[in-house]
Amino acid sequence: MGTYVVTGGSSGIGAAAVELLKSDGHEVINVDLRNGDICANLATQEGRDTTIKAIVEKCPDGIDGIICNAGVSGNCGNLELVISLNYFGTVKLARGLFDLLQKKNGSVVVTVSNTISQGTGRMDIVDLLNNVGDEQRICNIVKTMDATNQTVGQSIYMATKYALARWVRRISTAWAARGVRVNAVAPGNVRTAMTDSLSDAAKFAVSALPIPVRYGSDALMDPEEIAESMRFLLSNRARGINGIILFTDGGTDALLNSEKVY
């Protein structure tokens, strides 16, 4: 059995992934702000360094995979947090654990969002994240924006998820050549604490996006449905899959972008 790391594994999709991996007999290290095996704030460099050090000490022979799932919504009221946790908390942790992944020819799965195809993210922020990568500079930029405006918050959230998807695509070939596969899962609307915390207006907007597999119902997808995709991508059954963005949204993206095949 293997050893896996899941960030944001105390609730929602992350918790479902932890349970699925444990049910397969794997050892799972949950990294979360609270109630984790390692409690750390991945929005800070100190938290990332602490986490990497703890995992290196615990798993000197390597790890089989990481699910980078920790994140916050654009409605959290702190745009700097959205930038630091959603993007840098994922990228810097994955890079910091690369050597451990390489020891076991491991795999990385990153949680993005099916909203990346809808084109309303701040592409200037995306470009800064992917091409400049200066965390403090980018945080200083978003700090000047109106964090109380839900449209602004959503555009920054979507920017972080788009940047993560692009990062996965860009580094997947180089990492795979060294034995580490990297993929992403793009969930649709899922029943989690994040969606439960949305305002009534935001919940109405979410419910307006149809989920074909839930046709005739206002129910959202279950976290376990997303976690199953993650478990598959981590497994040896997906050994030929690298650098993809797997839309696990019940067909919402196909409905909205039916002519887009690539």
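Up top is the structure these notes are about.
Note that the structure is a prediction, hence the values are computed from the model and not measured.

(A) Spotlight on helix 1 (residues 12-23). Look at helix 1: 17 Å from first C-alpha to last across 12 residues, which is about the 16 Å you get at 1.5 Å a residue. Within the span of helix 1, buried status applies to Ile13, Gly14, Ala16, Ala17, Val18, Leu20 and Leu21. Buried residues along helix 1 sit in contact with strand 1 (3-7), strand 2 (27-32), strand 4 (65-68), strand 6 (181-187) and helix 10 (223-234). Positive phi appears at Gly25, one or two residues downstream of helix 1, with a value of about 95°.

(B) Representation of the nonpolar core in the model. One finds Ile55, Ile63, Ile83, Val110, Ile125, Trp167 and Trp175 to be the most contacted residues of the largest nonpolar core, which totals 55 residues. Per-element tally for this core: the top contributor is helix 7 (residues 150-177), with 11 residues. Not counting residues up to four positions away in its chain, the partners in contact with Ile83 are Phe88, Ile125, Leu129, Ile138, Cys139, Val142, Ile156 and Thr160. Ranked by size, the runner-up nonpolar core spans 21 residues in total, among them Tyr4, Ala17, Ile211 and Leu234.

(C) Quick peek at the packing of helix 5 (residues 123-132) against helix 7. The contact between helix 5 and helix 7 brings their axes to 8 Å, and the two run at 40°. On the basis of the axis angle, helix 5 is oblique to helix 7. In the packing of helix 5 onto helix 7, the handedness of the crossing is right-handed. Here helix 5 contributes Met123, Ile125, Val126, Asp127, Leu129, Asn130 and Asn131 to the contact with helix 7, which in turn contributes Ile156, Ala159, Thr160, Tyr162, Ala163, Arg166, Trp167 and Arg170. When the residues that make up the contact of helix 5 with helix 7 are grouped by side-chain class, the tally is 9 nonpolar, 3 polar and 3 charged.

(D) Structural view of the pattern of salt bridges. Within the structure shown, the criterion is met by 10 salt bridges. Salt-bridge contacts for Arg214 lead to Glu225; the nearest nitrogen and oxygen are separated by 2.4 Å. One end of the pair, Arg214, is in the loop between helix 9 (200-207) and helix 10; the other, Glu225, is in helix 10, with 11 residues separating them in the sequence. Taking the relative accessible area as the measure of exposure, Glu225 reaches 27% and is therefore partly exposed. Residues participating in the shared-partner salt-bridge network are Asp24, Glu228 and Arg231.

(E) Inspection of the environment of Lys104 at higher detail. Note on placement: Lys104 falls in the loop between helix 4 (98-103) and strand 5 (107-111). Residue classification places Lys104 among the partly exposed positions, given a relative accessible area of 31%. Distance from Lys104 to Gly65, taken between C-alpha atoms, is 8.7 Å for residues 39 residues apart in sequence. Each residue touching Lys104, except ones within four places of it in the same chain, is listed here: Thr3, Asp61, Gly62, Ile63 and Asp64.

Reading the values: rules and limits
- Residues numbered from 1 in each chain as written.
- Predicted model: local features only at pLDDT ≥ 70, side-chain atom pairs only at ≥ 80, totals over all residues.
- Heavy atoms only, no water.
- Helix = DSSP H or I, 4+ residues; strand = E, 2+ residues; numbered from the N terminus.
- Expected span 1.5 Å × (residues − 1).
- Buried < 20%, exposed > 50% of the residue type's maximum accessible area, 1.4 Å probe, protein only.
- Contact = heavy atoms within 4.5 Å.
- Core = buried A, V, L, I, M, F, W, Y, C linked by side-chain atoms within 4.5 Å.
- Axes fitted to C-alpha atoms, helices over the stretch in contact; angles between N-to-C directions.
- Parallel < 35°, antiparallel > 145°, perpendicular 65-115°, else oblique.
- Left-handed = near helix turned anticlockwise from the far one by under 90°.
- Nonpolar A, V, L, I, M, F, W, Y, C, P; charged D, E, K, R; others polar.
- Salt bridge = Lys/Arg side-chain N within 4 Å of Asp/Glu carboxyl O.

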